[in-house]
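Coordinate inspection notes
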Amino acid sequence: MKIDAWLLEILACPNCRGALRAEDGELVCEGECGNVYPVTAEGVPVLLVDEARAPRA
């Protein structure tokens, strides 16, 4: 899964509005919450807070 750089520039975490980075087939919030959002097999980010998982400790 590859997220285009231009898309990452405009996407933001729906929870805290932090920047997102692509990591291991997921989008990780670099902001306050650190939520991790899944990306489907088709490459579509699922930016729903209810679908996010908490950051690993």
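Below you will find a few notes about this structure. This one's a predicted model, so the numbers in the text were calculated from it and none came from an experiment. (Residues numbered from 1 in each chain as written. Predicted model: local features only at pLDDT ≥ 70, side-chain atom pairs only at ≥ 80, totals over all residues. Heavy atoms only, no water.)

1. Focus on the overall build of the chain
When you go through the chain residue by residue, the secondary structure sums to one helix and three strands. Of the regular secondary structure in the chain, the N- to C-terminal order runs α-β-β-β. Whereas a compact globule of 57 residues would reach a radius of gyration of roughly 10 Å, the chain reaches 10 Å, a difference of no more than 12%. The principal-axis extent of the C-alpha atoms belonging to the chain is close to 25 × 20 × 20 Å. (Helix = DSSP H or I, 4+ residues; strand = E, 2+ residues; numbered from the N terminus. Rg over C-alpha atoms; globule rule 2.2 N^0.38 Å.)

2. Some thoughts on the environment of Glu23
Within the secondary structure layout, Glu23 lies in strand E1 (residues 20–23). Considering only alpha carbons, one finds Glu23 and Lys2, 21 residues apart in sequence, at a separation of 9.5 Å. Among the polar contacts listed, one links the side chain of Glu23 to the side chain of Arg21, at a separation of 2.9 Å. (Polar contact = N/O pair within 3.5 Å; in protein donor to acceptor, adjacent residues only side chain to side chain.)

3. Describing the pairing of E1
Regular strands have side chains that alternate between both faces of the sheet. Relative to strand E2 (residues 26–29), E1 runs antiparallel, the two being bridged by four bridges. In the strand pairing of E2, Leu20 is matched with Cys29. Between the antiparallel neighbours E1 and E2 lie two residues, among them Asp24 with a positive phi of about 50°. (Pairing = 2+ DSSP bridges.)

4. Considerations on the pairing of E2
Two strands pair when backbone bridges link them, and E2 and strand E3 (residues 36–38) are joined in this way by three bridges, in the antiparallel orientation. The partner of Glu26 across the bridge, within E3, is Pro38. Hairpin connection, E2 to E3: the antiparallel pair is bridged by six residues, and Gly34 has positive phi, about 75°.

5. Remarks on the pattern of salt bridges
Going through the model one piece at a time under the given rule, you end up with three salt bridges. Through salt bridges that share partners, Arg21, Glu23 and Glu30 make up one connected network. (Salt bridge = Lys/Arg side-chain N within 4 Å of Asp/Glu carboxyl O.)

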